[in-house]
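Structural features, examined
What follows is each chain in one-letter form.
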Amino acid sequence: MRFTFTEEQEDIRAAVREFCQKEFTPELARELARREEFPWELYRKACQLGFIGIHFPEEYGGGGYGYVEAAIVAEEMCRADSTLGTALILADIGCDVIMHFGTEEQKERYLSLVAGGRGLSAIALTEPARGSDLAACLDTRAIREGGEWVINGVKTLITNAPVAAFYITLCQTDLSAEPPYRGQTLFIVEADTPGLEASQIKDKMGIRASPTGEVSYSDVRVPDETIVGQLNRGFYHALAFLDESRVEIAAHAVGIAEGALDRALKYAREREAFGRKLVQLQAIAHKLAEMATKIEAARLLVYKAAWALDQGKLDPALSSMAKTLAGRVAVEVCDEAVQILGGYGYIGDYDVERYYRDAKITEIYEG
Ligand SMILES: Cc1cc2nc3c(=O)[nH]c(=O)nc-3n(C[C@H](O)[C@H](O)[C@H](O)COP(=O)(O)OP(=O)(O)OC[C@H]3O[C@@H](n4cnc5c(N)ncnc54)[C@H](O)[C@@H]3O)c2cc1C
């Protein structure tokens, strides 16, 4: 058993850290969060440095690395800034489905597009009537007509809508399938396909530089070539995506927790109360120690889950445990960070309140 990163992995971590130190500023994060705008310039720069799609194969514009390296990128970016980091690491959301189940043409077209800084991906599973319960008969239907598929329906709470270049969309293709999830299929629908409309959902609690929106499909016609993986196996492909993606979400949760701890520790070393630095007050020191302990436990689980994926050992329970623990830890640590900063913790200028709001989503999306 070895609990160390390789030299190359440490180099990747150092490179991401350097990029964030140079490019991420709290002012930019606050401004984009206020305007609810995606950090396009940062995305293109991160692509040039190979951070987006680092785990895609090299022939499709990726870095040829694995999930451990993807977790390192997510952790470092979200530690440096929860808002900017989250937006960037979600730039390639859903692409794992194409990477594992897509055709050669789909991989060449879409993976290189996202990793090359030319457009964001989106995966549209959730509908107004169901998020967790995707096994039910979906309201978004794709019906075969005249040698094509005609899609009608609405997807909601979709990351990167309305600015994504394409939407990987889960549709009910066999209305009589029993159970219904055996009749679902994934299609890649490009944003400019006639009949597709996307709009932004505003005023989110957090991650406000990562757009979230609604996508509606009105007689959207797509050919067979847009199917990802197998017909009527979309539910299974989506579950496989979630098992991998949850590890990345868990890594970004750990990063947010670390960023909040960094800020709380810095403040506690500077602020004085009752003639001593806050950090010298035992009750505060205990809080900081507990925050660090929780983060370390979550971090170990996250990297174990990422390592297992890289070994080809898809373990849904391990991915889910990593995400559940890391999400909870992120929220708890941010809560304590706000408390340690006292009144200033509640004020935007000190950023921990933003980390707190950004942390909560890690307990909600992707189940
Ligand atoms: C910012 C943001 C970004 C998102 N991005 C995407 C995206 O890119 N693509 C996408 O498809 N979706 C996305 N979602 C949707 C997200 O994945 C769903 O909101 C989530 O899966 C929960 O589904 P729901 O909201 O329908 O809640 P519901 O499924 O209605 O659940 C409501 C509550 O009941 C609980 N619950 C549900 N089932 C059970 C059960 N069997 N036992 C016990 N408790 C249960 C849930 O945990 C939750 O607490 C996003 C959501 C947000 C807020």
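Notes on the structure in this doc start here. (Residues numbered from 1 in each chain as written. Predicted model: local features only at pLDDT ≥ 70, side-chain atom pairs only at ≥ 80, totals over all residues. Heavy atoms only, no water.)

1. Some points on a negative patch on the surface
- Taken together, the side chains of Glu 58, Glu 59, Glu 104, Glu 105, Glu 108 and Glu 225 define an acidic patch exposed on the protein surface.
- Note that Glu 108 resides in helix 7 (residues 104-115). (Patch = residues over 30% accessible without salt bridge, like charges linked within 9 Å, V, L, I, M, F, W, Y side chains within 5 Å. Areas by Shrake-Rupley, 256 points an atom, 1.4 Å probe, with all protein chains shown as cover. Salt bridge = Lys/Arg side-chain N within 4 Å of Asp/Glu carboxyl O. Lys, Arg positive; Asp, Glu negative; His and termini not counted. Charge placed at Lys NZ, Arg CZ, Asp CG, Glu CD. Helix = DSSP H or I, 4+ residues; strand = E, 2+ residues; numbered from the N terminus.)

2. A short note on helix 1 (residues 7-23)
- In a regular helix each residue adds 1.5 Å, so 17 residues correspond to 24 Å; helix 1 covers 24 Å between its end C-alpha atoms and thus fits that length.
- Looking only at helix 1, the buried set comprises Gln 9, Ile 12, Arg 13, Val 16, Phe 19, Cys 20 and Glu 23. Down the axis, helix 1 shows its buried residues gathered within 125° of arc, on one side only. Pointing more than 90 degrees away from the buried face of helix 1 are the exposed residues Glu 7, Glu 18, Gln 21 and Lys 22.
- Looking at the buried residues of helix 1, the elements they touch are helix 2 (26-35), helix 3 (40-48), helix 4 (67-80), helix 5 (82-89) and helix 9 (282-310). (Expected span 1.5 Å × (residues − 1). Buried < 20%, exposed > 50% of the residue type's maximum accessible area, 1.4 Å probe, protein only. Arc of directions from axis to C-beta. Contact = heavy atoms within 4.5 Å.)

3. Quick word on the packing of aromatic side chains
- Evaluated as defined, the whole model comprises 13 aromatic pairs.
- With centroids separated by 5.8 Å and ring planes inclined at 65°, the aromatic side chains of Phe 38 and Tyr 43 adopt a geometry described as edge-to-face. Of the two residues examined, Phe 38 and Tyr 43, each falls in the buried class.
- Arranged with centres 6.1 Å apart and planes meeting at 75°, the rings of Trp 40 and Tyr 43 form a pair that is edge-to-face. Here Trp 40 pairs with Tyr 43, and both are found in helix 3, just three residues apart, close to one helical turn.
- Residue class for Trp 40 comes out partly exposed when judged on its relative accessible area of 28%. (Phe/Tyr/Trp six-rings, centres within 6.5 Å; stacked < 30°, edge-to-face > 60°.)

4. Focus on the pattern of salt bridges
- The final tally for this structure, using the stated rule, is 34 salt bridges.
- Measuring nitrogen to oxygen at the nearest pair gives 3.9 Å for the salt bridge that ties Asp 243 to Arg 246. Of this pair, Asp 243 and Arg 246 are both found in helix 8 (residues 234-270), three residues apart, which corresponds to roughly one turn of the helix.
- On the basis of relative accessibility, which here comes to 9%, the residue Asp 243 falls in the buried class.
- Residue class for Arg 246 comes out buried when judged on its relative accessible area of 15%.
- Overlapping salt bridges bring together Arg 13, Arg 17, Glu 75, Glu 76, Glu 258 and Arg 299 as one network.

5. What to know about the environment of Cys 171
- Tracing the sequence through the fold places Cys 171 in strand 4 (residues 166-172).
- Considering only alpha carbons, one finds Cys 171 and Asn 232, 61 residues apart in sequence, at a separation of 9.1 Å.
- Excluding residues within four positions of it along the chain, Cys 171 makes contact with Leu 138, Thr 140, Arg 141, Ala 142, Ile 151, Gly 183, Gln 184, Thr 185 and Phe 187.

6. Some thoughts on the layout of surface pockets
- Roughly 770 Å³ of volume is contained in the largest pocket.
- In terms of lining, the largest pocket is formed by 30 residues, of which the most central are Thr 126, Leu 157, Ile 364, Tyr 365 and Glu 366.
- Those elements that provide at least two residues to the lining of the largest pocket are strand 3 (148-159) and helix 8.
- Of all the elements, helix 8 adds the most residues to the lining of the largest pocket, at six residues.
- Within the lining of the largest pocket, the residues separate by chemical class into 18 nonpolar, seven polar and five charged.
- Residue assignment places the lining of the largest pocket across two domains, with domain 2 (121-235) and domain 3 (238-363) each supplying three or more.
- In this model, the second largest pocket occupies a volume close to 660 Å³.
- In this structure, the second largest pocket is lined by 17 residues; those nearest its centre are Arg 2, Phe 3, Thr 4, Tyr 303 and Trp 307.
- At seven residues, the largest contribution of residues to the lining of the second largest pocket is made by helix 9.
- Both domains that furnish three or more residues to the lining of the second largest pocket are identified here as domain 1 (7-115) and domain 3 (238-363). (1 Å grid on protein atoms, 1.4 Å probe; cavity = no way out; pocket = protein on both sides within 12 Å on 5 of 7 lines; lining within 4 Å. Points joined across faces, edges and corners; volume = space filled by probe spheres on them. Nonpolar A, V, L, I, M, F, W, Y, C, P; charged D, E, K, R; others polar. Domains from an automatic or database assignment.)

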